[in-house]
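Here is how the chains run, residue by residue.
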Amino acid sequence: METLKRKQYEELLEPLEEELVAMARWTKAMGARICVLFEGRDTAGKGGAIRAMSGQLNPRQCRTVALSKPSDDEQTQWYFQRYIKHLPSAGEIVLFDRSWYNRAGVEKVMGYAGEEQVEAFLKQAPVFEKQLVDDGILLFKYWLTTDQVRQEERLAERLADPLKRWKLSPIDLAARSHYDAYTEAREAMLKATHSAWAPWTLVDFNDQKRGRLTLIRDLLDRLPDTRIDPPPIDYPELGRQPQPESYSVLRPIADYPVAQEC
């Protein structure tokens with residue numbers, strides 16, 4: 001399939017952004033709680049998908065959660081505990097850039113969690129998610145798929161671009177040699193945690209622009225009818241013509257005289 005060009009992508013994204021704004025308005029009016037998990041390999045495009053979804057939304061209502069590695073205290077807690085405080089309140093939309101599924105992915109493959117811990121997680125995750133859904137949270141789980149060739153291209157791009165270099169970590173580089181192990185871990189995770197109340201949705205992100213559009217369209221289609229008129233705003237006409245504010249102009253430094261040394 002031909003890669004989507006940026007101009008075409010932006011034209012297709014614009015009406016989706018309008019629907020997302022309406023969805024956010026519906027979420028606030030209904031007191032709904034929306035939680036979206038973005039999972040996938042390194043460089044799959046999770047950050048870009050989150051920005052596409054949240055770009056036009058009020059950041060006070062729609063927030064992104066991207067947790068670092070657990071602290072010493074958090075390592076002694078129930079595994080799901082540190083995620084609970086980030087779940088949405090009424091009227092909120094929360095987007096998880098990676099989530100509790102770290103345990104079934106990077107922690108398993110890189111040896112940060114033992115087999116017993118991973119097995120316990122795979123049993124507990126569907127139960128935990130059923131509690132969330134039963135309590136009224138609208139939970140959506142997306143896995144962004146990408147093949148190894150495309151992943152290598154994107155890792156090389158990050159290495160070459162000083163503006164993207166921060167995205168590369170030692171774990172990212174070490175994970176390159178574990179592609180098959182990540183695939184095996186993902187399949188085990190999907191099999192154990194794909195449920196009627198919290199199903200997984202896999203989206204092809206080899207073309208990230210097309211993947212973002214597909215993901216957003218899927219999310220909007222799975223929500224109830226979110227069309228709700230914005231509240232009317234009384235915007236009275238001014239009795240006089242507005243006057244421009246006076247302001248000072250900052251001149252380039254070169255325009256200022258150079259001080260003479262004594």
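Structure's up top.
Residues numbered from 1 in each chain as written. Predicted model: local features only at pLDDT ≥ 70, side-chain atom pairs only at ≥ 80, totals over all residues. Heavy atoms only, no water.

With respect to the pattern of salt bridges
Under the counting rule described, the total for this entry stands at 14 salt bridges. Of the charged contacts in the structure, one is a salt bridge between Arg103 and Glu107, with a shortest N-O distance of 2.9 Å. Like Glu107, Arg103 is buried. Linking Glu129 and Lys141 is a salt bridge whose minimum nitrogen-to-oxygen distance equals 2.9 Å. With Glu129 in helix H5 (residues 115–134) and Lys141 in strand S4 (residues 138–145), the pair connects residues that are 12 residues apart, well separated along the chain. (Salt bridge = Lys/Arg side-chain N within 4 Å of Asp/Glu carboxyl O. Buried < 20%, exposed > 50% of the residue type's maximum accessible area, 1.4 Å probe, protein only. Helix = DSSP H or I, 4+ residues; strand = E, 2+ residues; numbered from the N terminus.)

Concerning helix H8 (residues 179–193)
A rise of 1.5 Å per residue sets the reference length of H8, with its 15 residues, at 21 Å; its end C-alpha atoms lie 21 Å apart and thus fit the reference within 8%. Buried residues in H8 make contact with helix H4 (106–109), H5, S4, helix H6 (148–160), helix H7 (170–175) and strand S5 (200–204). (Expected span 1.5 Å × (residues − 1). Contact = heavy atoms within 4.5 Å.)

Overview of unusual backbone geometry
Keep in mind that most residues, glycine aside, have a negative phi and that most peptide bonds are trans. Unusually for a residue other than glycine, Thr43 sits at a positive phi of about 75°. Positionally, Thr43 belongs in the loop between strand S1 (34–40) and helix H2 (46–54). On the basis of relative accessibility, which here comes to 4%, the residue Thr43 falls in the buried class. In this structure, Arg98 takes a positive phi of about 70° despite not being glycine. Among the structural elements, Arg98 can be located in the loop between strand S3 (93–97) and H4.

Side note on the packing of aromatic side chains
One pass over the structure, following the stated rule, counts 14 aromatic pairs. Here the aromatic rings of Trp78 and Phe128 are separated by 6.0 Å at their centres, their planes lie at 85°, and the arrangement is edge-to-face. Taken together, the residues span a long stretch of sequence, with Trp78 in the loop between strand S2 (62–65) and helix H3 (81–84) and Phe128 in helix H5 at a distance of 50 residues. A relative accessible area of 42% places Trp78 in the partly exposed class. Ring centres of Tyr83 and Phe96 lie 6.4 Å apart, and the angle between their planes is 55°; on these two criteria the pair is classed as tilted. (Phe/Tyr/Trp six-rings, centres within 6.5 Å; stacked < 30°, edge-to-face > 60°.)

Some details on the environment of Gln61
Secondary-structure assignment places Gln61 in the loop between H2 and S2. Note on Gln61: relative accessible area 12%, which makes it buried. Spatially, the C-alpha atom of Gln61 lies 30 Å from that of Ser169, the residues being 108 residues apart in sequence. Setting aside chain neighbours within four positions, we find Gln61 in contact with Ala24, Thr27, Lys28, Gly91, Glu92 and Ile93.

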